[in-house]
Number of protein chains: 2
Amino acid sequence: MVIVSKQNPVVKELASLKEKKGRRERGTFLVEGGKMVSECAESGMEIVRIALRATEERDALTQTPLFRSFASAPVLLGEDAFKAVCDEKTPQGIVAEVKIPQTKIVPPKGRCLLLDGLADPANVGAIVRTAAAAGYKEIYLAECADPYAPKSVRASMSGVFYCKLMRGTREEILPALAGVPLLAADMDGEDAFKVRPPEIFCLAIGNEGNGLSDAVRRRADRKVGIPMQAPMESLNAAVSAGITMYLLGYGNRKEE
Amino acid sequence: MVIVSKQNPVVKELASLKEKKGRRERGTFLVEGGKMVSECAESGMEIVRIALRATEERDALTQTPLFRSFASAPVLLGEDAFKAVCDEKTPQGIVAEVKIPQTKIVPPKGRCLLLDGLADPANVGAIVRTAAAAGYKEIYLAECADPYAPKSVRASMSGVFYCKLMRGTREEILPALAGVPLLAADMDGEDAFKVRPPEIFCLAIGNEGNGLSDAVRRRADRKVGIPMQAPMESLNAAVSAGITMYLLGYGNRKEE
């Protein structure tokens, strides 16, 4: 049966996940597009429900390993109803509703990241993507944009499935980092090319416009910066986070 | 005199700069916001005309060094007319019309960048920003998004004023790079942490989705990649360009 009405409860439930309120109420988030949904399934995340645009080549799609492994039949949506649940402007024919992992804030097991008030979901997503690639698999998000917002999930390119995301206030997060060397990215910090961090450390990244919060700045053991030629004073937040993550996580360690 | 009508020729001329066609016809581009306009003036770019929102504190603004050094009086625009010329959603009270430098495609004098079919103006801008900071002051743009589009100018955070931007087709650009070692960023390339480039070289960055063009791939002397932990396969284009620029331009050179 194909659901055509945008007023259908299933459509309304899925569409509510585009907003923070809906995600909080249902405890789930949206994953859009075939590649992302497959990777989500492979990563072991719990898929609650899959919706397909009814005009797609359903037969071919439902023969894929993803579907054969998935117990419930997908929900079929008409064109308008499907568009209503998607955040992308030109959506592919598939979305999944996925459980948001209930993650307690615990101390890190390896090098980790603390996002300190990042406000832009696309930046949060791009940073999660880099973190997954650079081996920062535990990410603390202190008062940041929601990493499960559609824009952030998309920018993370599956990184959000592979990192442990721990969200909370600074008061909740900083105690879990007690005893962990905290290196904070800061324009005026030491040259990141020269810093040799220990095996377990936490890299803190501040807000796009205002940088680090006072609480994180006070707690930081060292500040690390990227050298820049005048008159440039800063880099894009995701770019500077990426450079710092790779320098501390990969490059500098190799020379030891 | 305050211009109120959006049909006023001056307003139409300025508004036309939001589109590629308008920029090509007038040979100018828009710079928005006080900080960017000041930096533009300081960089030595040729400002053709300045427009102010008539509701601003004009007297204070026109006492700044920028205005005292600027010969013609600023154009004053009413609220609606001002909004019509701005690209930003919440514009500050000032925009400048600035001459696009007429730059011939010539061989580089130092380390330089070749953007090979970058499609997203925000990526082009973010990369120009990093390039200016990392000392890649000559940038070849082969069939890329327009670096003078408002989105790109904004993302470059003044980088666009400080880099020499040479735009053309691959057929026009590659001959100017004859004899220059060409290192191309590529997922499957050598580990960028281990590559020691010479003093003058060109780093090529490919399109967001499709990577390098065949022409640039064939011409490349080496391919360099960023190590990534599975299952991540790629990074955001601006992030990966930033990491590679800094590794080749700064980090690796220090160890020589």
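Rules used throughout
Residues numbered from 1 in each chain as written. Chains lettered and ligands numbered in written order. Predicted model: local features only at pLDDT ≥ 70, side-chain atom pairs only at ≥ 80, totals over all residues. Heavy atoms only, no water. Phe/Tyr/Trp six-rings, centres within 6.5 Å; stacked < 30°, edge-to-face > 60°. Helix = DSSP H or I, 4+ residues; strand = E, 2+ residues; numbered from the N terminus. Buried < 20%, exposed > 50% of the residue type's maximum accessible area, 1.4 Å probe, protein only. Lys NZ or Arg CZ within 6 Å of the ring centre and 35° of its normal. Contact = heavy atoms within 4.5 Å. Buried area = accessible area lost by both parts, 1.4 Å probe. Salt bridge = Lys/Arg side-chain N within 4 Å of Asp/Glu carboxyl O. Patch = residues over 30% accessible without salt bridge, like charges linked within 9 Å, V, L, I, M, F, W, Y side chains within 5 Å. Areas by Shrake-Rupley, 256 points an atom, 1.4 Å probe, with all protein chains shown as cover. Lys, Arg positive; Asp, Glu negative; His and termini not counted. Charge placed at Lys NZ, Arg CZ, Asp CG, Glu CD. Expected span 1.5 Å × (residues − 1). Polar contact = N/O pair within 3.5 Å; in protein donor to acceptor, adjacent residues only side chain to side chain. Pairing = 2+ DSSP bridges. Axes fitted to C-alpha atoms, helices over the stretch in contact; angles between N-to-C directions.

Asks: Give me the packing of aromatic side chains: which residues, what numbers.
Replies: Residue and element names in this part refer to chain A. For the coordinates displayed, the defined rule picks out six aromatic pairs over all chains. Ring geometry for F29 against Y148: centres 4.7 Å apart, planes inclined by 50°, an arrangement best described as tilted. Taken as a pair, F29 in strand 2 (residues 28-32) and Y148 in the loop between strand 7 (138-142) and helix 8 (150-156) lie far apart in primary sequence, 119 residues in all. The burial state of F29 is the same as that of Y148; both residues are buried. Looking at R111, its charged tip hangs above the ring of Y136, at a distance of 5.3 Å from the centre.

Asks: Outline the interface of chain A and chain B, listing residues and values.
Replies: With 39 residues of chain A in contact, the opposing surface of chain B contributes 39 residues. Both faces considered, chain A and chain B share a buried interface measuring about 2900 Å² in area, 63% of it formed by carbon and sulfur atoms. Taken together, the connections running from chain A to chain B amount to two salt bridges. K35 of chain A serves as the salt-bridge partner of E233 of chain B, at 3.8 Å between the closest nitrogen and oxygen.

Asks: Give me unusual backbone geometry: which residues, what numbers.
Replies: Cis peptide bonds are those with omega within 30 degrees of zero, and the linkage from A230 of chain A to P231 of chain A qualifies with 0°. For P231 of chain A, the location among the structural elements is in the loop between strand 11 (222-225) and helix 12 (237-254). Non-glycine residue E143 of chain A carries a positive phi angle of around 50°. Within the element layout of this structure, E143 of chain A appears in the loop between strand 7 and helix 8. The backbone of M157 of chain B shows a phi angle near 45°, a positive value even though the residue is not glycine. Topologically, M157 of chain B is positioned in the loop between helix 8 (150-156) and helix 9 (159-162).

Asks: How would you explain a positive patch on the surface if you had to name every residue and give the values?
Replies: On the surface, a cluster of positive charge is contributed by K89 and K151 of chain A together with K89 and K151 of chain B. Summarising the element assignment, K151 of chain B is placed in helix 8. Judged by relative accessible area, K151 of chain B falls into the partly exposed class, the value being 49%.

Asks: Account for helix 7 (residues 121-134) of chain B, with residues named and values stated.
Replies: All names here are of chain B. Over its 14 residues, helix 7 runs 20 Å from end to end, which matches the ideal 20 Å to within 8%, given 1.5 Å per residue. The element helix 7 is largely enclosed, with a buried count of twelve among its 14 residues. Within helix 7, the full set of buried residues consists of N123, V124, G125, A126, I127, V128, R129, T130, A131, A132, A133 and A134. Here helix 7 starts with a cap whose side-chain oxygen sits 2.7 Å from the backbone nitrogen of A122, and that cap is D120.

Asks: I'd love a proper account of the side chain of T244 of chain A, names of residues and values included.
Replies: All names here are of chain A. Along the chain, T244 turns up in helix 12. Here the side chain of T244 touches S240 through a polar contact of 2.7 Å, landing on its backbone oxygen. Not counting the four nearest positions on each side in its chain, T244 is found in contact with Y136, L203, V224 and I226.

Asks: Hey, could you go over the sheet that holds strand 5 (residues 94-99) of chain A for me, with residue numbers and the actual values?
Replies: All names here are of chain A. Here five strands make up an open sheet; going across it, the order is 1-4-3-5-2 and the pairing mixed. The open sheet is flanked by strand 1 (2-3) and strand 2, the only strands paired with a single partner. Strand direction decides the pairing type here: strand 3 (residues 47-53) and strand 5, joined by five bridges, are antiparallel. Pairing of R49 across the sheet is with E97, part of strand 5. Sitting on the sheet, helix 1 (residues 9-16) touches strand 1, strand 2, strand 3, strand 4 (75-77) and strand 5, and the angle it makes with strand 3 is about 110°.

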